[in-house]
Amino acid sequence: MEQNKPNGAECSVGSAPRHIAFIMDGNGRWAKKRGMPREYGHVQGAKVFRRIIEYCGDIGIEIVTVYALSTENYAKRPKKEIDTILTLFEEYLTDAERDAPSRDLRVCFIGDRSIFAPDIRERMAALERATMSRKKRLNVAINYGGRAELVAAFNKLIASGKTNVTEADIEAALYTAGCPDPDIIVRTGAEMRLSNFLLWQSAYSELYFTDTLWPDFTESEVDKIIADFKGRKRRYGAAE
Ligand code: IPE
Ligand code: IPE
Ligand code: MG
């Protein structure tokens, strides 16, 4: 049943994850606990994001995906909060452009880019082009929704004239085309749900939930999660 083997399915017990995805949740509560506005939590969260992706690269994780903003966040949160998150995103984009020549990191953006001004969209595409042959990869999910991604993929396939699709066709039409599925999805902030993240790609991902709020998340917790992952037995539906 080779064709049914999920991509990224080559890991066995004892091996480190090749692809870790983070649902970076808990910024608002972290700020509230300190009597600060939610935006303060996002500022702190952006610092932690930089540290954690750096660390994952240092310890040899090949692919990291981060959930920075969902389509639902964009539609439902106050403008002031969204503006802060988009400003933090633009600051990251500027840093990533500066670092691109000296850093072995492919940067990809997944999500609906129509919310961005044309100049930002062009900068995102240019960074993706400039870094596309790098070995390590970061996917930043921004204005991303798993259902929206699937709808966009199906519409792309219909537009291409297909009347019958395979799993491979769908995979190739997703924002994550060509990227192995996450081996583990980590959610900080105590909620135990996916909140529309990587619905297709998470079919056989391991899940890890921690109460730690994202701005308190540390490198040592990454180590703990990797150790936990190494002890898991992934069966993909097969018998022992
Ligand atoms: C996650 O933190 C970041 C985004 C959703 C953009 P939240 O802002 O959801 O923080 P909580 O869950 O309210 O604490
Ligand atoms: C998920 O967190 C989205 C991101 C972390 C970017 P939410 O805070 O939006 O999730 P819900 O609303 O608690 O499900
Ligand atoms: Mg939240």
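Residues numbered from 1 in each chain as written. Chains lettered and ligands numbered in written order. Predicted model: local features only at pLDDT ≥ 70, side-chain atom pairs only at ≥ 80, totals over all residues. Heavy atoms only, no water.

A word on the site of ligand 2
Moving on, step 1. Near ligand 2 you find I23, M24, D25, Y67, A68, L69, N73, R77, R187, R193 and S195, and these make up its full shell.
Moving on, step 2. In this structure, N73 approaches ligand 2 through a side-chain N or O atom, which is 2.7 Å from an oxygen atom.
Moving on, step 3. Within the side chain of R187, a nitrogen or oxygen atom sits 3.2 Å from an oxygen atom of ligand 2.
Moving on, step 4. Compared with its free state, where it exposes 390 Å², ligand 2 has 79% of that area covered by protein. (Near = heavy atom within 4 Å. Polar contact = N/O pair within 3.5 Å; in protein donor to acceptor, adjacent residues only side chain to side chain. Areas by Shrake-Rupley, 256 points an atom, 1.4 Å probe, with all protein chains shown as cover.)

Details of the sheet that holds strand β2 (residues 63-70)
Remark on secondary structure: sheet strands pair via backbone hydrogen bonds, oriented parallel or antiparallel.
Moving on, step 1. Read from one edge to the other, the open sheet built from six strands follows the order β3-β4-β2-β1-β5-β6, with strand pairing classed as parallel. Edge strands, defined here as strands with exactly one partner in the open sheet, are β3 (105-110) and β6 (206-209). Neighbour-to-neighbour, the strand axes of the sheet open up by a mean angle of 20°, direction not taken into account.
Moving on, step 2. Relative to β6, strand β5 (residues 184-187) runs parallel, the two sharing four bridges. Note that in β6 the partner of I185 across the bridge is L207.
Moving on, step 3. On the sheet, helix α4 (residues 79-99) packs against β2, β3 and β4 (136-144) and is oriented at approximately 155° with respect to β4.
Moving on, step 4. Sheet strands touched by helix α5 (residues 118-131): β3 and β4. Its angle to β3, the strand with the most contacts, is close to 145°. (Pairing = 2+ DSSP bridges. Helix = DSSP H or I, 4+ residues; strand = E, 2+ residues; numbered from the N terminus. Axes fitted to C-alpha atoms, helices over the stretch in contact; angles between N-to-C directions. Contact = heavy atoms within 4.5 Å.)

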